[in-house]
Each structure stands twice: as structure tokens, then as C-alpha cells.
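Results of the structural survey
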Amino acid sequence: MNTTDNLRKTIKTLISEKKVDLFLGWEKGSLPLSATPLFVTTGEQAERAIFDVTCGNNLSIYFTKDKKQYANKKVGIAVKGCDARSVVLNILEKQIKREDVVIVGVPCNGVLDKKKVLAATEGREVLELVDNGDTVTVKGKGFELSLNRQEILSSSCLACIYPDAQEYDFFMGEARGEVPNEERVKEIIDFQNLPDSDRWEQTRAEYQKCIRCYACRNVCPSCYCNVCFVDQNDPKWIGSTCEYTDSVIFHVIRNLHVAGRCVECGACERACPMDINLLMMNRKVAMEVKDRFGDVAGLDINGKPAMSDFKEDEKQKFIMG
Amino acid sequence: MNMVSLDKKKFGSFILELSAEHAVYAPGKAGGKTEFIPVESEDEIDLKTLVTDLSPKGVFFPHSEVLYEYDKEGIRVPQKEAGKPIAVWGMRGCDARSLLMLNKVFGSAIQMPDNKNFQDPYWKEKYDNSVIFGTGCNEPLSTCFCNWFEAGPHSSAGMDVFVVDAGNSFLLEPVTDKGRAVLDKLSCFTDSTEEDKTTAAELASEALDGMAEPMEVNGLGEMLNNKYDEPVWDQISAKCINCGACTFSCPTCHCYDIQDEGKGSSGKRIRIWDSCMFPIFTMEASGHNPRALSSQRVRQRVMHKYSYFPEKYGEFLCTGCGRCVTVCPVNLDIREVLKTINEYKKQGITNG
């Protein structure tokens, strides 16, 4: 049985046995490159659930939307490895209770990044997509291309070490296990090794594209402050213009605010309408957190988030210089 | 002057000639995405892209616009565009129509019932002096729905010169007197032939035929008003994450915030795009927020576009460009939203 069939069956059972009031999954979207979030409350709706290369959304954002809209409800959720870490983080940060969530892991081979698909079709509109596993077929007016999956995967997936949910109640198929990924930090190390001025130029060029739509913040499961610092206006903390001076501050503060909390799911980068390379900074911060505090966000349900914990022997370079 | 033909080999010299008296904007790459950028030569222009990632509204209504600067010496309004009027090349029908809508708001293009016709000097200075060269779309995208709104891929509304891409040449037809006057001053054209006119007409009808069947939008405003209090809004807004990607990429969304940035005795007042998707958009000083919930904000966006704006200005605040459809991080498709609300309770459908 394939993942989608398995997933549908599991959701149906959870709904019919009243184990959950609501199940968060994905269904085919109105565009061939995007699946869309699916909110299942009936067995009939479960038939629409899918899992494939288009299911990029990290659905755990919905736990904290509209001031914890699902409080006192049992909610089931389909998760990729990264999404599961978000659920765990939400649990560790007391946004949801473990007993109120049914976590259903799906075997993930990575999700696509629309801009990479469009680069492969040289901008031609894709009207149909078929996920064949190692390859993905895209069709449009007068063309059909078979693309290597690796070529179109989100940069977060190319750097992924934990494709499977580490915390789950059900798992739909075979887990891939940890993926050794030596190359994953190459981009970051290369960037680190640049002279200061080049680093600044690159950073400026990236954040100069920002239009301050906050899609990155709003798709981020770790960004759930009741009032975000950019929305505070009494006093106002930072400017709202699209000058890079304002945008850089927004992005840098966001990076630091999700330090030890970013699960590197890449939702921010895929959501960005301006194609800003948002993930590299987040991954750099995650790398620092692991190095200094030995913590990987959302991996251990019995752990404590790095920024909520203190150990006497942890590196204190940031204090001691 | 009637329709003229411009050989694509002469496009470069046409742009140069146009630049002599105009600040020319055209679709081009900025940081990897396409938007309307100031251009000086043919090489910077993207002639392929149909719907640019960002709409051209920013040319006339920038994301962040300094209204004035102040210090102890007084108040200064920043100089605009070195005095040259703006010429836009390659604007599509959807975007040209959006400027007509924005002009109703900022340029007071229609008489208001109370005769309080506000005219925004920042908008007017740029828009009133501009000349728009619009291009017909020969192969509309699957996300295009301009044919819902008494327009279509070859609509010339809002343009001064209508351009048809006929393969090896552009066919230019003046739409307004202003457009005619600009064309009269330029050379590099040849007269069009009867064959050119036939080609233009054929391309127009083929383009329209290639589009999906439009939804019936007559009575849309009334339908929405009738369903204002229905729970269907919770259902459709469930997936919305309330970012501003849709409103910022939309050619017609025009809500803004005014902010002061000051230090000591100097500072500036800036107009910045705002979005009804943001909770702070309606946050009151008391702390009360009349649109605290996502569903209320989604409803506002839909109602403003398809009910309130038409009630006040006589047309929908949507041109069917499809940008919001393409850009939405959760694939909340406005076409599906309208269809869902329309179908709701019609056939006893209460649960999606």
C-alpha cells in the first residue's frame, strides 16, 4: 500500500474511532506545484488526503494560529521529519499537550521548491506534475520533462539529516533513518570564510529583495508570539520600509529569535515571494546552537529547548569573549 | 495615426528614442524576480514574462514613499523622477486596468457623491504624466482570469498605446490622444497592413478561446453581502496564514500606513504598503481589534474587492491577474474561494 492510501486509511480510522476531532493533512492544490492544507473532520474528506513532493507546508503552524484555536481539541497531524520536530517544539514550549495530538509520520524524500522547477522549465508554466519517486515529470503547453528529484528539492531537504518523524504515534511506511549529510554545511562554511565586506554585500543583496509581507514569519511554526516585535508600535522597535536597513534588522532579529527553535523545515524560504535565501542564516544559527549547547531543535521530546535550559559546562564564549 | 508596425530588430532604438523624453519602466529582473524596473536599453527588458512577480503598481505607488522630510529649517517634499514623465512598456491588460481602479481612489477619477474629491499629489504627479504601452497576452496562463471581468487578454483599457506581439514585429495602436501624440513624435515605425490587422484580431480571439470558462460574476457583491454572517468564512479561511504575499503582489490592493521616522529635530513621514491580512491593520489604541480573527480578515479582503469597492466605484477591485493565486504559500486560491462561497447553501453544501 502506498503512503497516500495508508495515510487516508489511518485518518479515516482516527476520525471514525473518535481519536481525533480534526486531522491536519494535505490535499491536491489548485496549482500543479502546490498541495494545500486539508482539514479533515469526516471520513469522506479523508479520501482527499495525499502525500507527495508538493506537500511542503509545515502544518504545525495551525496549532498556534488565532491564539491556539484548537485548545481542548484532539488533533491529528501528518508530519514529515522536520514537521514532527515543530510539533515536538510546540509541545516542549507548552503550546500544545502531547496527549492532545496524534502524530502521523510520513516517509519523506523531500519536497519541491517551485523556483527550482520553474528554472528547469525555463519559466514555462507547469500544468501537470507526476511524482515518480526518483524523478518528477512536469508537463506544460508543448513540453514534457522528466526531472531528477534532487534537482528540484527545497534547499532544506538537500541539507536534511532527519527525514523521518522521531516522535510519532503512527508511521506510514518505511522510515529512512538518519541521512549522513557531509555536504550540508558547505554553503555555510563557504559563506563564513568570505571577507567581511563580501558577507555584508551578499547579506544586503538578499535582504534588499524583502517586501515585508511576513510570509516567512507567518508560515514559521516557531514564530507564534502574540504580538511580533515588528508589529509593536508603542514604542515602535523597527521601521517597516523595504529599505535594506529595516529589512536586515527584521530578518536578523527573527533569526536570533528562532535560535534553538528553528527546525530547518524550509517553509520560510519556499513561502518567500521574492526568493530570498532565508534558510542559510537559520541553518548557521542552528549550527551554532548545536555546537555550543549540543541541542537540535525539536528532536528529543524529553529534552529542553536550548534557550530554556542552562548547563554549567556549556560553552560561554558569548559571555566570556 | 492608426496602427503602426515596429520591427523587433528596431526595438532597441525605439526604447532609446522613448527614453529621450521619458523615464522608461519595463518588466525586468530585480534580484531574480520580475518586476517593472527603470530601463535604459533593450537588454534589460524581459519580453517573455506575462505576469511579472510584482505588479507595476509600485511604479506609481511605491512600497515605501517619503511624503516629506523635516528639520529645523522646515519641510521638504523630495524631488520626483528628475522631472521626466514616466513611460511604461509591456504592461498587461490586467495591470493597466488596475491603474484605472487605483486612479479612482488616488486621482479621484470619478465624482464622489459628497463632492469631496481627494486627489493624491504623489500619485497624480506620476500617473497623470505617464504614458502606458500595454501588451496583449497571446497565451494566457492557467492562473489568469481576466475574462471574468468584462476584459480579456487583449483588453486595452487603461492603456495609451495597445501593443500586439505579432512574432517578428510589434503592432502598436494608439488608444488615447496622449498615446497618439507620443507615437507621432517617434520614428522607427512602418505603416501597418491589412494583414497586420487580421493577425492582431486573430491573436486576440485565439487568446480568449484558450482561457478557462469564466465564473459568472454578476450579482457577486450582493451574494457576498447575503453570506456575510455565514460560517463558510471559517471554512475558507482555515488555511490562511494571514501573510501579506497576496496583497503586496496584488495590482489593485492599495491600503497603506503612514509612519514617522524621526530622530532629534529631523525626520521623515513615510507612506508604506499595509495589508488587511495583518492583525495590527485594525488594532485600535484601546487594544480592541475589530478583526482579531483570521476569518474576519479574509472576509474583509474578499468583501473589499468584490462588494465594497464595486458599491462605491462601480467595478470589482480585481483584474484577474492571478498573482495572489500563484504566490499564496498555502494555495488559498481566490477563484475557489469565490466559487465556494457562491455554492455555499445553494445545494445544501455546508461542509467542504
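Residues numbered from 1 in each chain as written. Chains lettered and ligands numbered in written order. Predicted model: local features only at pLDDT ≥ 70, side-chain atom pairs only at ≥ 80, totals over all residues.

**Let's talk about the overall build of chain A**
Along chain A, the regular secondary structure elements total 13 helices and nine strands. By the compact-globule yardstick of 20 Å for 321 residues, chain A fits well, its C-alpha radius of gyration being 20 Å. If one aligns the C-alpha atoms of chain A with their principal axes, the spans along those axes are about 55 × 50 × 40 Å. Per-residue burial for chain A yields a buried fraction of 44% across its 321 residues. For chain A, the share of sequence-separated contacts (at least 6 apart) that also reach a separation of at least 24 residues comes to 69%. (Helix = DSSP H or I, 4+ residues; strand = E, 2+ residues; numbered from the N terminus. Rg over C-alpha atoms; globule rule 2.2 N^0.38 Å. Buried ≥ 20, exposed ≤ 12 C-beta atoms within 10 Å, placed from the backbone. Contact = placed C-beta atoms within 7 Å.)

**Digging into the overall build of chain B**
Tallying secondary structure elements over chain B gives 12 helices and 12 strands in all. Here chain B has a C-alpha radius of gyration of 22 Å; the compact-globule value for 352 residues is 20 Å, and the two agree. If you line up chain B on its principal axes, its C-alpha atoms span 65 × 60 × 45 Å. The buried share of chain B, reckoned over its 352 residues, is 42%. In chain B, 70% of the contacts between residues at least 6 apart in sequence involve partners at least 24 apart.

**A closer look at the sheet that holds strand E8 (residues 161-165) of chain B**
All names here are of chain B. The eight strands are arranged E3-E2-E6-E7-E8-E9-E1-E10 in an open sheet whose pairing can be described as mixed. Two strands lie at the open edges of the sheet, namely strand E3 (33-38) and strand E10 (190-191), each paired on one side alone. In terms of strand pairing, strand E2 (residues 23-30) meets strand E6 (residues 86-92) through three bridges, oriented parallel. Residue pairing for E6: Val24 is matched across the bridge by Ala87. Strand contacts of helix H1 (residues 11-21): strand E1 (4-7), E2 and E6, with the helix running at about 130° to E2, the strand carrying the most contacts. (Pairing = 2+ DSSP bridges. Axes fitted to C-alpha atoms, helices over the stretch in contact; angles between N-to-C directions.)

**Some words on the domain arrangement of chain A**
All names here are of chain A. Domain assignment breaks chain A into domain 1 (3-113 + 153-320) and domain 2 (114-152). Between the C-alpha centres of domain 1 and domain 2 there is a distance of 25 Å. Contacts between the two partners involve 11 residues from domain 1, matched on the other side by 13 residues from domain 2. (Domains from an automatic or database assignment.)

**Some remarks on the interface of chain B and chain A**
In many analyses, interface size is given as the accessible surface area lost on bringing the parts together. Taken together, the contact pairs 32 residues of chain B with 32 residues of chain A. Contributing elements (two or more residues each) for the side of chain B that touches chain A: helix H9 (245-249), strand E11 (256-263) and strand E12 (266-273) of chain B. The element that contributes the greatest number of residues to the side of chain B that touches chain A is H9(B), accounting for three residues. Grouping the amino acids of the side of chain B that touches chain A by side-chain chemistry returns 13 nonpolar, 12 polar and seven charged. (Nonpolar A, V, L, I, M, F, W, Y, C, P; charged D, E, K, R; others polar.)

**Regarding unusual backbone geometry**
Here the amide bond leading from A:Asp234 into A:Pro235 is cis, since omega sits at 5°, within 30 degrees of zero. With respect to the secondary-structure elements, A:Pro235 resides in the loop between helix H9 (215-218) and helix H10 (244-257). Despite not being glycine, A:Lys18 has its phi angle at roughly 55°, a positive value. As for its position among the elements, A:Lys18 is in the loop between helix H1 (3-16) and strand E1 (22-31). A residue is classified by how many C-beta atoms lie within 10 Å of it, and A:Lys18, with 8 of them, is exposed. One non-glycine residue, B:Asn331, lies in positive phi territory at about 55°.

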